[in-house]
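# Commentary on secondary and tertiary structure
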Amino acid sequence: MDPHTTFCPNPDCPARGRTGAGNIRVHSRKERRYRCQVCGQTFTETKGTVAYRLRTALDVVSLVVALLSHGCPVAAIVFAFGLDERTVLKWFKRAGKHCQQVHEHLVEQPRDLGQVQADEIRSKLQGAVVWLAMALQVSTRLWLGGVVGRDRDLGLIKRLMQKVRACALCRPLLFCTDGLRAYVRAIRAVFREPVPTGQGGRPRLRPWEGVCLAQVVKQYAGRRVVGIVRRIAQGAEAQVQALLGGQRINTAYIERLNATFRARLANLVRRSRALARQASTLQAAMYLMGTVYNFCTEHQSLRLPGLVNGHKWIPRTPALAAGLADHCWTVRGVAAVSGAPATLDTAQTSRTAFSGNKTTRRSMVYLTTFRCGATLPQKIME
Ligand SMILES: [Zn+2]
């Protein structure tokens, strides 16, 4: 137990969310609880993590979550660990929600995206078809988020574009997608900024400059691709070429990511018997896969040449390439990340900066500091 890397999680405490201020003491080693000297409250070591209020240790929970995030069947985990099936499914959903918070806090930050690829996956629920739309930043292979919807329509693509917008700076940006027409309207509707007038009423919305859209349309004869049409639906050709950096217009990177998701998520496998019943299960699974992919999976094409400790290459995860992490996280590390209530200054700035709906505001106030880094264990199996 290390009180120096822990913060007070009490939202009413003046010292909330601060690490290394000397206000946290070990309250009980047996019960693994800390105490805050300022507000006098005690709290458990697992507060805010996936294992909060579970009887099972975080090590076991994160091992199960690690297996689930790589497509291990629930029945196999039940058999090997002697757990109840409902327990495993509950942890699965809990880990998905936790990963969504980690994603919204760490990945959904404005950055220069360059080229973004987006695509949709058709998936089945019990008795229904759902679509999973996802986006990826090409230069870092960072998964930018995804949305689940019943129809592959404008509403779905708009929600996806809002996810991308949360990660984007107003800089030249290129989307490479399939030939779905909804992308054109969705990009126009989402990438706009209000022009400040200083007067009352709804201000005029000005579209972002330099947002381009290139589409790859595949022509099929039966199941075989017989031709590919590449077209620029928005933006000047010179700018699209500059953002492509010598590549042709393609959607290869997002299609590779789709294949990873399909391989790891039993619900997404074509002709599967392991169909999810609710769209929320699919969403939780998607965030778990995406966060483990971003923070814990070393990507072969991202590695850098260099002799370090006798190794020829320096491996990197998408989060490492995007500057969101300084090392490859373990799944236990992701599960142990804990959101802290903001300190007073950040709470006030976030309230003025984010005048969105109530949910956004609340999550921003409560998840501005994260406990991660020094306390994260190196390898789950050690
Ligand atoms: Zn306190």
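Since this is a predicted model, take the numbers as computed values, not measurements.

Parameters and conventions
Residues numbered from 1 in each chain as written. Predicted model: local features only at pLDDT ≥ 70, side-chain atom pairs only at ≥ 80, totals over all residues. Helix = DSSP H or I, 4+ residues; strand = E, 2+ residues; numbered from the N terminus. Buried ≥ 20, exposed ≤ 12 C-beta atoms within 10 Å, placed from the backbone. Contact = placed C-beta atoms within 7 Å. Pairing = 2+ DSSP bridges. Axes fitted to C-alpha atoms, helices over the stretch in contact; angles between N-to-C directions.

### Here we look at the overall build of the protein chain
Within the protein chain, the regular secondary structure consists of 12 helices and 15 strands. Burial status across the protein chain gives 35% buried among its 382 residues. The long-range share in the protein chain, meaning contacts at least 24 apart out of those at least 6 apart in sequence, stands at 60%.

### Digging into the sheet that holds strand β4 (residues 114-125)
Here we have six strands laid out as an open sheet, ordered β6-β5-β4-β7-β10-β11, and mixed in their pairing. Whereas interior strands pair on both sides, the edge strands pair on one side only; in this sheet they are β6 (142-149) and β11 (224-234). Across the sheet, the axes of successive neighbouring strands diverge by a mean angle of 20°, strand direction being ignored. Where β4 and strand β7 (residues 173-178) come together, four bridges link them in parallel fashion. Looking at the pairing, Gln 117 lines up with Cys 176 of β7. Running at roughly 150° to β6, helix α4 (residues 154-166) makes contact with β4, β5 (128-137) and β6 of the sheet. Running over the sheet, helix α6 (residues 237-244) touches β4, β7, β10 (211-221) and β11 and is turned about 80° from β10.

### A few points about the sheet that holds strand β3 (residues 42-44)
Within the open sheet, the three strands sit side by side as β1-β2-β3. Their pairing is antiparallel. Only two strands of the sheet have a single partner each, and these edge strands are β1 (24-28) and β3. Within the sheet, the average angular offset between the axes of one strand and its neighbour, ignoring direction, is 40°.

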